[in-house]
Amino acid sequence: MNAGVSRALARGTLTAFISNLTNVDSGIFWTTQYGYRLPLAGGGVAVQPANPLTPRSVTIQYSVRTNARPAPAPAPAQTNSRS
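Within each chain, residues carry numbers counting from 1 in the order of the written sequence. For a predicted model such as this one, the threshold for reporting local features is a pLDDT of at least 70, and the threshold for listing and counting side-chain atom pairs is 80 or more; totals across whole chains, interfaces and linings nevertheless cover every residue. Remark: hydrogens and water are excluded; side-chain values derive from all non-hydrogen atoms of the structure.

**Q** Would you take a moment to explain the sheet that holds strand β5 (residues 57-64) for this structure?
**A** Within a sheet, neighbouring strands are paired by backbone hydrogen bonds and run either parallel or antiparallel to one another. The strand order across the open sheet built from three strands is β1-β2-β5, with neighbouring strands paired in antiparallel fashion. Each edge of the open sheet is held by one strand with a lone partner, namely β1 (3-8) and β5. Averaged over all neighbouring strand pairs, the angle between strand axes comes to 10 degrees, with direction disregarded. Sheet topology places β1 next to strand β2 (residues 12-19); six bridges connect them, and they run antiparallel. Within β2, the residue paired with Arg-7 across the bridge is Leu-14. For two strands to count as paired, DSSP must find a minimum of two bridges between them. By the criteria applied, helices consist of DSSP H or I runs no shorter than four residues and strands consist of E runs no shorter than two, each listed in order from the N terminus. Comment: axis = line fitted to C-alpha atoms, over the contacting stretch for helices; angle = value between 0 and 180 degrees taken between N-to-C directions.

So this is what it looks like as structure tokens:
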């Protein structure tokens, strides 16, 4: 499970993100411990190694806005002409 939050500030945006929040199934090596058993056409099974998640990581980022946001364009005026 991953989680993130972003907040716009006066001069930029602050973002915090956590990857593998619960730190479940983390590891750096592939293993057959939780591998998938795939049946073969001629009988028997092939064990496909499980791909572990990376350990929990926390990322904090601040993005600075370098120019002012452009003003929104005004909406065109609607005219009602009836004949």
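From this point on, the discussion continues.
**Q** How do you make sense of the environment of Val-47 when you look at a structure like this?
**A** Secondary-structure assignment places Val-47 in strand β4 (residues 45-50). Separated by 15 residues in sequence, Val-47 and Thr-32 place their C-alpha atoms 6.9 Å apart. If we ignore the near neighbours within four places in the chain, the residues touching Val-47 are Thr-32, Gly-35, Tyr-36 and Arg-37. Throughout, a residue-residue contact means that at least one pair of heavy atoms, one from each residue, lies within 4.5 Å.

**Q** Just to check I follow, could you spell out the side chain of Ser-19 for this structure?
**A** Here Ser-19 lies in strand β2. In this structure Ser-19 touches Met-1, Asn-2, Arg-56 and Ser-57, once residues within four positions along its chain are discounted.

**Q** For this particular structure, what's the right way to read the environment of Thr-32?
**A** Looking at the secondary structure, you find Thr-32 in strand β3 (residues 31-39). For Thr-32, a relative accessible area of 51% translates into the label exposed. A sequence separation of 18 residues divides Thr-32 from Ala-50, and the C-alpha atoms of the two residues are 6.0 Å apart. Excluding residues within four positions of it along the chain, Thr-32 makes contact with Val-47 and Pro-49. Residue exposure (1.4 Å probe, protein chains only): buried if accessible area is under 20% of the type maximum, exposed if over 50%, otherwise partly exposed.

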